[in-house]
Amino acid sequence: MAATNPGMATLKPKAARSPASEAWRQLRTPLVYLIPAALIMALVTFYPLAYQVWMSFTDYGVIKEEGKQTLNRFGPDGQPPPNYRPAEWVGFKNYSDILTNEPQFVARLGGTFNFWRLLGFNLWWTFSNVAFHVALGILIAVLLNVEGLWGRKIYRALYILPMVLPNIVIATVWRNMFDDQYGAVNQLLSMFAGTPVNIRWFNQIEPPIPGVPLPLSYYAMLIANIWLGWPFMTLVATGALQSIPKEMYEAAAIDGATGSQQFWNITLPLLRPAMVPAAMVGIVTTFNLFHIIYFMSGGGPLGQTEIMVTQAFKLVNAQQLFGVAAAFSVIIALVLIPIFLITNRISRATESYDV
Amino acid sequence: MSSVATTTATRTRKGSTAAGRRLRWWQQLLFQALCLFIAATVLFPIMWIVSMSLDPRNIARPTELRLIPPGASLEAYRAVLDRPTANPVTFTELALNSLKLAGGVALFALLIGVSAAYAFSRFKFPGRQYMMIAVLAITVLPAVATIAPLFALLNGIRVSSDLLSIALLIAAALVIAFGLMIVVPALRTGTASGGTYAVGGLALVLSMLLVYTAFAPAPGDVFVLRNSLLGVGIAMISGALPFAIWNLKGYLDTIPKELEEAAIIDGASPNQIFFQIVLPLAVPALAVTGFLSFAGGWTEFFLSWQFLTNPKDFTLAMALYNMTGQYAGSVPWSRFAAFSILVSLPVAIVYLLLQRYIVGGLTLGGVKG
């Protein structure tokens, strides 16, 4: 702690207090403010997380004999019911089942589970979405920042609309828009093509681009999520753009810099400090973007567009394999920790605020 | 109006600047075309859903694209308000459940979170860095990834309804006492301000919610915490509280400290500073954080879907899922559209009103979805 609190070291000789009492003096007041939240979080956040780690080493939720056994310790009368079976310790079995795609385990999940494909798709899904969000966000912000553009205020007001709608509504609406028979997208394409277009957005298994193992539903969800995501980046970029002094462009223009030179050498470098943290937020959000995947493709076809969080939910909701789900969630946390540490380092979020 | 303003602005700077020049006609045309195209893509899904919700024909699926369907009416809205899904619940009941859930979680997270946020923002103490990392790390973890232990733990809590009512009443009394502890001394010393009343009001609303839940008729003899809105609320707090702490801390950091320093010189105690200076200044931050928590809770899906089995407890998001995808069956899409709009409107309107405050906070705050 000395590194974050250098005042302690210098105070000690003067104030002739023991380090412990000095620490207590510093901790006393903030502790009063922290205690309510600390108690609640210990109870509903950290205890379940610890319990989750324990669960991940057990067969919690596995019903051994044809729907007879229950893991509910308390029956109607408060006593353990006769068919109660405590969860059994299975060591690292859940983890090894997941990481090695153990055939029996995969068959139980419907035969399409493949952890490494899932992880790879999740990372690619995150990367491709955020790349589009940031690029489009910057370009549209620059476009809206052009001086003398008519109706800028109207466009800015319109462009915020995707942000204000609930994610779940956006996902369900886009799911129906991409419906192969009645969806607006196919109807629109039919209008332009002049002949009925019946693209099976969510059911076509063959990848539309040969050699790229991404099903059509990935592209449908990419379109929906781009629609959802760029306005936030545009907002952040607009804020940063407006703080760039005009004199820089004037000076560059006098020196004979062209528009694109100004964009690459002034606009982009000065947008960086605002866009990097925003992109980091975007990466974590998109990595965990449950709604779009679950409500649009549902992970299909054949589990090819499943991401970690939707798989974790299915393990609990559909398969009721709580132990496996817990192990899976621990793996999600392990994947997210490096992402979080990088984010934290770049955005300096938890660094000491200068008092 | 804006074009007039820009022309005068360019005129005053004429001669000295190239950046402020007026656009050539073809540039204006090109940029307008681009902007209109983007606007069209943004508006397309929204127009689609709005026009579909006005379709009076009650047909299962739309067969063509039309901006205004023939004989447009609000029939679908009426049908949806009456009975949105196959379950015997009205829209009002669904909305009330969502409101209780989202409102209760948001209020609780604010009430508990703001003091912790203040401690993180204004005090230096040993272990501060680690505690903050713990809070922030939780906001990065997806809420879905804690569903297994929360389900198992809450499922294990089974009490008789009477015991539950008593527990809830005690909780309500505690919340009221907490509120009084803040409001009464301030009134006595004559230093009550907007912040004090805000906290008092929050406590009052929250305790009323608790009392209401305590007296609401319980479904059976044994109360399973998991299978209730209260249980879902507790599970939601697990993620909402760290988010609120982090978000509020971000806002509090931006409040200048000059006033507090002046108060310290005048001999104010930390408590006086918190309640009489920081809280009143933090009202916009409380509003925004409360709203973001509320918006998250309003459409919360996976916890309610996993936990709740009694149709009386169902929420808006669950009904929406019942109207799409594999469960849609023969529900006409005009109803689905009307329902989506009804769900979105309250959140969207408040979002637009608070937009100015929210945007700054989104980058400061957490990322929990």
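The numbering scheme is per chain: residues are counted from 1 as the chain's sequence reads. All chains are assigned letters beginning with A, and all ligands numbers beginning with 1, in the order in which they are written. For this predicted model, a pLDDT threshold of at least 70 governs which residues receive local features, and a threshold of 80 or more governs which side-chain atom pairs are given and counted, while totals over whole chains, interfaces and linings are taken from all residues. Remark: hydrogens and water are excluded; side-chain values derive from all non-hydrogen atoms of the structure.

With that settled, consider the overall build of chain A. From N to C terminus, chain A includes 15 helices and zero strands. Any pair of residues with heavy atoms lying within 4.5 Å of one another is described as a contacting pair. Sequence-distant contacts in chain A: of pairs separated by 6 or more residues, those separated by 24 or more amount to 62%. Accessible surface, chain A as shown: approximately 16900 Å² in total, 65% of it carbon and sulfur. A run of DSSP states H or I qualifies as a helix once it reaches four residues; a run of E qualifies as a strand once it reaches two. Both are numbered from the N-terminal end. Note on areas: Shrake-Rupley with a 1.4 Å probe; residue coverage comes only from the protein chains shown.

Let us look at the overall build of chain B. For chain B, the count of helices and strands is 15 helices and two strands. Across chain B, every contact between residues at least 6 apart in sequence was considered, and the portion connecting residues at least 24 apart equals 77%. Carbon together with sulfur atoms contributes 69% to the accessible area of chain B, which is approximately 16200 Å² in total.

For the rest of this paragraph, the subject is the nonpolar core. Among buried residues, those of type Ala, Val, Leu, Ile, Met, Phe, Trp, Tyr and Cys that are joined through side-chain atoms within 4.5 Å constitute a nonpolar core. Using a 1.4 Å probe on the protein chains alone, a residue whose accessible area is under 20% of its type maximum counts as buried, one over 50% counts as exposed, and one in between counts as partly exposed. Ranked by internal contacts, the top residues of the largest apolar core, which has 225 residues, are Y159(A), M308(A), F328(A), F301(B), F307(B) and F339(B). For the domains described, the bounds stem from an automatic or database domain assignment. Residue contributions to this core reach at least three from each of two domains, namely domain 1 (1-43) and domain 2 (107-347) of chain A. In contact with M308(A), other than residues within four places in its own chain, are F115(A), L118(A), L119(A), N122(A), F287(A), F328(A), I331(A), I332(A) and V335(A).

By convention, a stacked pair of Phe, Tyr or Trp rings (six-membered ring in the case of Trp) has centres within 6.5 Å and planes under 30 degrees apart, an edge-to-face pair has planes over 60 apart, and any other such pair is tilted. Going through the model one piece at a time under the given rule, you end up with 52 aromatic pairs over all chains. Their ring planes at 80° and their centres at 6.3 Å tell us that F178(A) and F202(A) sit as a pair that is edge-to-face. With F178(A) in the loop between α8 (167-177) and α9 (184-193) and F202(A) in the loop between α9 and α10 (216-242), this pair connects stretches of sequence that are 24 residues apart. For F178(A), a relative accessible area of 2% gives the class buried. Ring centres 5.9 Å apart and planes at 45° place the aromatic pair Y294(A) and F301(B) in the tilted group.

Contact with chain A, which involves 97 residues of that partner, is made by 108 residues of chain B. Between chain A and chain B the total buried area reaches about 9400 Å² when both faces are included, carbon and sulfur atoms providing 75% of it. We define a salt bridge as a contact between a side-chain nitrogen of Lys or Arg and a carboxyl oxygen of Asp or Glu at a distance within 4 Å. Along the contact surface separating chain A from chain B lie zero salt bridges. A 3.5 Å cut-off defines polar contacts: any pair of N or O atoms within that distance qualifies, except that in protein one atom must be a possible hydrogen donor and the other a possible acceptor, and neighbouring residues in sequence count only when both atoms are side-chain atoms. The interface formed by chain A and chain B contains 15 residue pairs in polar contact (both at pLDDT 80 or more). By definition, the buried area sums, over both parts, the 1.4 Å-probe accessible area that each loses when the two are put together.

Looking now at the environment of S128(A). All names here are of chain A. Its place among the elements puts S128 in helix α5 (residues 115-144). By relative accessible area, which is 4% here, S128 ends up buried. For the pair S128 and T286, spaced 158 residues apart in the sequence, the C-alpha separation amounts to 9.9 Å. When near neighbours in sequence (up to four residues on either side) are disregarded, S128 contacts Y218 and L222. Of the polar contacts made by the side chain of S128, one reaches the backbone oxygen of W124; its length is 2.8 Å.

This paragraph deals with α5(A). Helix length check: α5(A), at 30 residues, gives a terminal C-alpha distance of 43 Å against a target of 44 Å (1.5 Å per residue), a fit within 8%. Measuring from the backbone nitrogen of W116(A) back to the side-chain oxygen at the start of α5(A) gives 3.1 Å, which picks out N114(A) as the cap. One less than the residue count of a helix, multiplied by 1.5 Å, gives the span that helix is expected to have.

As a per-residue measure, pLDDT tells how confident the predictor is, with possible values from 0 to 100. In this model, chain A carries an average pLDDT of 83, and 87% of its residues clear a pLDDT of 70 or more. Per-residue pLDDT stays below 50 along residues 1-15 of chain A; that stretch engages in 14 contacts with residues further than four places along the chain or on separate chains.

What follows covers the packing of helix α4 (residues 91-122) of chain B against helix α9 (residues 229-254) of chain B. Residue and element names in this part refer to chain B. To obtain each axis, a line is fitted to C-alpha atoms, and for helices this fit is confined to the stretch in contact; angles are then taken between N-to-C directions over 0 to 180 degrees. Packing of α4 against α9 brings their axes to within 6 Å, and their N-to-C directions diverge by 40°. Considered as vectors, α4 and α9 are oriented oblique to each other. When the axes of α4 and α9 are compared, the crossing they make is right-handed. Gly counts as polar in this scheme, as do all residues outside two lists: the nonpolar Ala, Val, Leu, Ile, Met, Phe, Trp, Tyr, Cys and Pro, and the charged Asp, Glu, Lys and Arg. Each residue belonging to the contact of α4 with α9 can be placed in one class, and the counts come to 21 nonpolar, four polar and four charged. When describing relative orientation, an angle under 35 degrees is termed roughly parallel and one over 145 degrees roughly antiparallel, while 65 to 115 degrees is termed roughly perpendicular and anything else oblique. For any pair of crossing helices, the crossing counts as left-handed if the nearer helix is rotated counterclockwise from the farther one by less than a right angle, and right-handed if it is rotated clockwise.

Right, let's get into a nonpolar patch on the surface. Each patch groups residues whose relative accessible area exceeds 30% and which form no salt bridge, using 9 Å between like charges and 5 Å between nonpolar side chains of Val, Leu, Ile, Met, Phe, Trp and Tyr. A grouping of W25(B), W26(B), L29(B), L30(B) and L34(B) is seen on the molecular surface, where their side chains present a nonpolar patch of about 600 Å² in accessible area. L34(B) gets classed as partly exposed once you look at its relative accessible area, which sits at 40%.

What follows concerns the pattern of salt bridges. Per the stated rule, a full pass over the model turns up six salt bridges over all chains. One salt bridge in this structure joins D97(A) and K93(A), with 3.1 Å as the shortest N-O distance. Residue D97(A) and its partner K93(A) are located together in helix α3 (residues 93-100), separated by four residues, close to a single helical turn. The class for K93(A) is partly exposed, based on a relative accessible area of 45%. Between K249(B) and D253(B) there is a salt bridge, and its shortest N-O distance comes to 2.7 Å. Taken together, the positions of K249(B) and D253(B), both in helix α9 and four residues apart, correspond to about one turn of that helix. Residue K249(B) is classed as buried on the basis of its relative accessible area, which comes to 4%. Residue classification places D253(B) among the buried positions, given a relative accessible area of 12%.

Another point: the side chain of N155(B). Residue and element names in this part refer to chain B. Along the chain, N155 turns up in helix α6 (residues 147-155). Since its relative accessible area comes to 7%, N155 is described here as buried. A polar side-chain atom of N155 sits 3.0 Å from a polar atom in the side chain of R226.

In this section: the confidence of the model for chain B. Residue and element names in this part refer to chain B. Predicted confidence across chain B gives a mean pLDDT of 80, with 86% of residues reaching 70 or more. Here residues 1-20 is modelled with pLDDT under 50, and outside its nearest four sequence neighbours on either side it reaches 13 contacts, counting other chains as well. Segment residues 364-369: pLDDT under 50, and 21 contacts once partners within four positions in sequence are set aside and those in other chains are kept.

Residues and elements named next belong to chain A. All buried positions along helix α11 (residues 246-254) are accounted for by Y249, E250 and A252. Viewed along the axis of α11, the buried residues span an arc of 165°, placing them on a single side of the element. Opposite the buried face of α11, at more than 90 degrees from it, the exposed residues are E247 and I254. For α11, the elements touching its buried residues are α12 (259-287). Arc definition: it is the arc formed by the directions from the helix axis to the C-beta atoms.

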